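# A look at the structure
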Amino acid sequence: MKHLLTTNELSYREAVRILDTADQMAAVSSRSVKKLPALRGRTVVNLFFEDSTRTRISFETAAKRLSADVINFSAKGSSVSKGESLKDTAQTLMAMSADAVVIRHASSGAPQQLADSGWIDAAVINAGDGKHAHPTQALLDAMTLRRVRSGATGVASTGMDLEGMHVVIVGDVLHSRVARSNVWLLTTLGARVTLVAPPTLVPVAMDDWPCEVGYDLDAVLAEAPDAVMMLRLQRERMNAAFFPSEAEYTRGWGLTSQRVQRLEDMGAPTVFMHPGPMNRGLEISSEAADSPRSTVLEQVANGVAVRMAVLFLLLSGDESSPYPSEN
Amino acid sequence: MSVPEHAEQSPRSMTSRVILSTPDIDRALSRIAHEILESNKGSRGLVLLGIARRGYPLAQRLAAKLEQIDPDFHAQQSTGQLDITMYRDDLRRHPARTPQPTVIPDSGIDGRTLVLVDDVLFSGRTIRAALDALVDVGRPNAVRLAVLVDRGHRELPIRADHVGKNLPTSSHEKVRVLLRESDPQPRARGHEDCVIIDSPVVSDDDVARAPGTAGKGPRA
């Protein structure tokens, strides 16, 4: 694996391996010396054509914990606003000999283009492209779910998958790269995924997606799923009237305090996930966001560990050379 | 992104010899345990850290023996595992191995006498990486090295304080240590734990002498 572009190209083994590595990376964050020398002397470029705080900071922290040098590039205030093309921008960065490029772009497929075109020689990591994919977010969600399961069963998380877990992804599936990446990764790991959304926010051609689709959140929650992942309502991508009003959306598909209470009454094991940033009071109520069931902050912490694992696995060594003897 | 599995079958055109069988390994570990106590003048402040993967079961066995000899020593509270994957100097050239957990005893390693335990001492690069990894964990008073097999061919100025067996080898040979904890495949009786040398069939004169066999090798 040279690049990380989508989660549907990740095999079961690769996914479990990334998560196992991430578990050990997470242990580093609890030490007093939070640094590893693994990527000393390598350069990671954060190429962000779209606004982001948590993903960029997370990648930056991850690269720095592995001792890599980090160059941050955001399209605002750069030559991109003067009309420089993706190719020229990328090649300029390559001339500074970057070893890995972390790219976020508003256009689906921009990371793929960067990886396949031969413009650059570095490893490409997709940090979110348009409505297409956001693989590291899906990996950190899988890591969070795995830790939830490990905490519930008391079994160490190493080597564990998500076999038999039921994950419900709720909200703006149409515009969500997080939902797409999660559907593929979580099913690869054995989980059962149900998407719940207003009919207007469900993509058209999703027959080949390995998941179920529902429109009634209460009916799905009555099954007491292991996790509910609320998606952010992406108002910046909404150019049409997808639902009559925000209040109506909240009533139908928001994680309201009534729904939280109903899960409490059922004694369901459900945890609440959200990729952030949250629209409190819209898709998730404050009661849900601040409840002990919420894993939002764990997700952020696991994000650093997962990104450390991805950077480490992509940048250390290539498969052409065999591994030497153990001694 | 696949890692070649550590070959458990000897490759073709190789002959395999068992150098140490289960009782041999047990005797070697007993001797090392006594040596550790002797050089430390007791078990005060001792911590055993096994290098992942096969050093850890060896460290556990050594700790159990130390506990038998000296009841003041608490095996459980003084044994841990150290993963050195992130500290290797060949990360650029070889596919990364999945890191193993690093487990440090609750009492920490600051001010203790720390014994690193590994299965085979070869180039010394693993031990260099382990010394680097230790710096990020704490500051022991002294670090000692115990290995089951020293096969020579050092590339760095590193030597072991306690050696189970000095094994002169050719650089073309491969030394494998199989332990029941880390390699649970069924093996013949008496070979549940064993040390094996795989040699290419073509003979080779490049036989190195491991330090210690020349008679003036440093021993603790």
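Residues numbered from 1 in each chain as written. Chains lettered and ligands numbered in written order. Predicted model: local features only at pLDDT ≥ 70, side-chain atom pairs only at ≥ 80, totals over all residues. Heavy atoms only, no water.

Per an unreviewed UniProt entry, chain B is named Bifunctional protein PyrR, and its organism is Kocuria marina. According to its UniProt record, chain B has this under Sequence similarities (unreviewed entry): "Belongs to the purine/pyrimidine phosphoribosyltransferase family. PyrR subfamily." UniProt annotates chain B under Catalytic activity (unreviewed entry) with the comment "UMP + diphosphate = 5-phospho-alpha-D-ribose 1-diphosphate + uracil". (UniProt positions renumbered as here; feature names shortened; annotations may be inferred.)

In the annotation of an unreviewed UniProt entry, the entry for chain A reads Aspartate carbamoyltransferase, and the organism field reads Kocuria marina. For the record of chain A, the UniProt heading Catalytic activity (unreviewed entry) holds the text "carbamoyl phosphate + L-aspartate = N-carbamoyl-L-aspartate + phosphate + H(+)". The heading Sequence similarities (unreviewed entry) in the UniProt record of chain A holds the text "Belongs to the aspartate/ornithine carbamoyltransferase superfamily. ATCase family."

Time to look at the overall build of chain A. Summing up its helical and strand segments, chain A has eleven helices and nine strands in all. Relative to the 2.2 N^0.38 estimate, which gives 20 Å for 327 residues, the radius of gyration of chain A is 20 Å and therefore close to what a compact globule would have. By principal-axis analysis of the C-alpha atoms, chain A measures approximately 55 × 55 × 40 Å. Buried positions account for 59% of the 327 residues belonging to chain A. A separation of at least 24 residues holds for 75% of the contacts in chain A among residues at least 6 apart in sequence. Carbon and sulfur atoms make up 52% of the accessible area of chain A, which totals about 12,900 Å². One finds the centroid of the 32 positive side-chain charges in chain A at a distance of 6 Å from the centroid of its 37 negative side-chain charges. (Helix = DSSP H or I, 4+ residues; strand = E, 2+ residues; numbered from the N terminus. Rg over C-alpha atoms; globule rule 2.2 N^0.38 Å. Buried < 20%, exposed > 50% of the residue type's maximum accessible area, 1.4 Å probe, protein only. Contact = heavy atoms within 4.5 Å. Areas by Shrake-Rupley, 256 points an atom, 1.4 Å probe, with all protein chains shown as cover. Lys, Arg positive; Asp, Glu negative; His and termini not counted. Charge placed at Lys NZ, Arg CZ, Asp CG, Glu CD.)

The next thing to look at is the packing of helix α5 (residues 135-153) of chain A against helix α11 (residues 296-315) of chain A. The geometry of a pair of packed helices is captured by two quantities: the angle between their axes and the separation between those axes. All names here are of chain A. Their axes nearest at 8 Å, the elements α5 and α11 cross at an angle of 115°. Crossing hand, α5 versus α11: right-handed. Residues Thr136, Gln137, Leu139, Leu140, Asp141, Met143, Thr144 and Arg147 of α5 pack against Glu298, Gln299, Asn302, Gly303, Ala305, Val306, Arg307 and Val310 of α11. The residue inventory of the contact of α5 with α11, partitioned by class, reads six nonpolar, six polar and four charged. (Axes fitted to C-alpha atoms, helices over the stretch in contact; angles between N-to-C directions. Left-handed = near helix turned anticlockwise from the far one by under 90°. Nonpolar A, V, L, I, M, F, W, Y, C, P; charged D, E, K, R; others polar.)

Glancing now at the sheet that holds strand β1 (residues 43-48) of chain A. All names here are of chain A. The parallel open sheet is built from four strands, whose spatial order is β2-β1-β3-β4. Each having just a single partner strand, β2 (69-74) and β4 (123-129) make up the two edges of the open sheet. Averaged over neighbouring strand pairs, the angle between their axes works out to 15° when direction is ignored. Looking at chain direction, strand β3 (residues 100-105) and β4 are connected through five bridges and run parallel. Across the sheet, His105 pairs through a bridge with Asp129, a residue of β4. The strands that helix α2 (residues 54-65) touches are β1, β2, β3 and β4; relative to β1, the one it contacts most, it runs at about 180°. (Pairing = 2+ DSSP bridges.)

What follows is about the confidence of the model for chain B. Residues and elements named next belong to chain B. When pLDDT is averaged along chain B, the result is 87; 86% of the residues meet or exceed 70. Ignoring residues within four places in sequence, the model shows residues 1-10, a span with pLDDT below 50, making 31 contacts including any to other chains. Here the predicted complex scores 0.87 on pTM and 0.80 on ipTM. (pLDDT = per-residue confidence, 0-100.)

Another point: the nonpolar core. Note on soluble globular proteins: their nonpolar side chains tend to be buried together. Ranked by internal contacts, the top residues of the largest apolar core, which has 89 residues, are Met25(A), Leu66(A), Leu139(A), Leu195(A), Leu311(A), Phe312(A) and Leu116(B). Of all hydrophobic cores here, the second largest spans 29 residues; its members include Ile25(B), Ala28(B), Leu58(B) and Leu148(B). (Core = buried A, V, L, I, M, F, W, Y, C linked by side-chain atoms within 4.5 Å.)

With that settled, the discussion passes to the UniProt feature "binding site: L-aspartate" (unreviewed entry) in chain A. Residue and element names in this part refer to chain A. According to UniProt, the feature "binding site: L-aspartate" (unreviewed entry) maps to Lys82, Arg177 and Arg232 in the numbering used here. Taken along the chain, the residues just named run across 151 residues; in space they spread out, the farthest C-alpha pair reaching 31.4 Å. Put simply, the named residues that line the second largest pocket are Arg177 and Arg232. Among the secondary structure elements, Lys82 is positioned in the loop between β2 and α3 (86-95). Turning to its location among the elements, Arg177 is positioned in helix α6 (residues 177-188). (1 Å grid on protein atoms, 1.4 Å probe; cavity = no way out; pocket = protein on both sides within 12 Å on 5 of 7 lines; lining within 4 Å.)

The positions UniProt marks with the feature "short sequence motif: PRPP-binding" (unreviewed entry) are residues 114-126 of chain B. As annotated, residues 114-126 of chain B has a helix share of 15% and a strand share of 62%, and its two end C-alpha atoms lie 16 Å apart.

Attention now moves to the packing of aromatic side chains. In the structure shown here, the tally under the stated rule is three aromatic pairs over all chains. Pairing Tyr249(A) with Trp253(A) gives two aromatic rings, centres 6.1 Å apart and planes at 40°, and the pair type is tilted. Remark: Trp253(A) and Tyr249(A) occur in helix α8 (residues 246-253); sequence separation between them is four residues, near one turn of the helix. Pair check on accessibility: Tyr249(A) and Trp253(A) agree, each one buried. Three or more aromatic residues link up through ring pairs in this structure, and these residues are Phe243(A), Tyr249(A) and Trp253(A). Note that Arg307(A) overlies the ring of Phe59(A), its terminal NZ or CZ placed 5.0 Å from the centroid. In this arrangement the basic side chain of Arg151(B) is found over the ring face of Phe122(B), its NZ or CZ atom lying 4.0 Å from the centre. (Phe/Tyr/Trp six-rings, centres within 6.5 Å; stacked < 30°, edge-to-face > 60°. Lys NZ or Arg CZ within 6 Å of the ring centre and 35° of its normal.)

Residue and element names in this part refer to chain B. In this structure, Tyr56 sits in helix α2 (residues 55-69). The partly exposed category is assigned to Tyr56, whose relative accessible area is 23%. Non-local contacts of Tyr56, meaning those with residues more than four positions away in its chain, are made with Gly50, Ile51, Thr79, Gly80 and Gln81.

Here we come to the pattern of salt bridges. A full pass over the atoms with the stated rule returns 29 salt bridges over all chains. Arg17(B) is the partner of Glu173(B) in a salt bridge, and the nearest nitrogen-oxygen pair spans 3.7 Å. On the criterion of sequence distance, the pair formed by Glu173(B) in the loop between β6 (162-166) and β7 (174-178) and Arg17(B) in strand β1 (residues 14-20) is long-range, its members being 156 residues apart. When its relative accessible area of 15% is taken as the criterion, Glu173(B) is described as buried. Within the structure, one salt-bridge network assembled from shared partners comprises Asp20(A), Asp23(A), Arg146(A) and Arg147(A). (Salt bridge = Lys/Arg side-chain N within 4 Å of Asp/Glu carboxyl O.)

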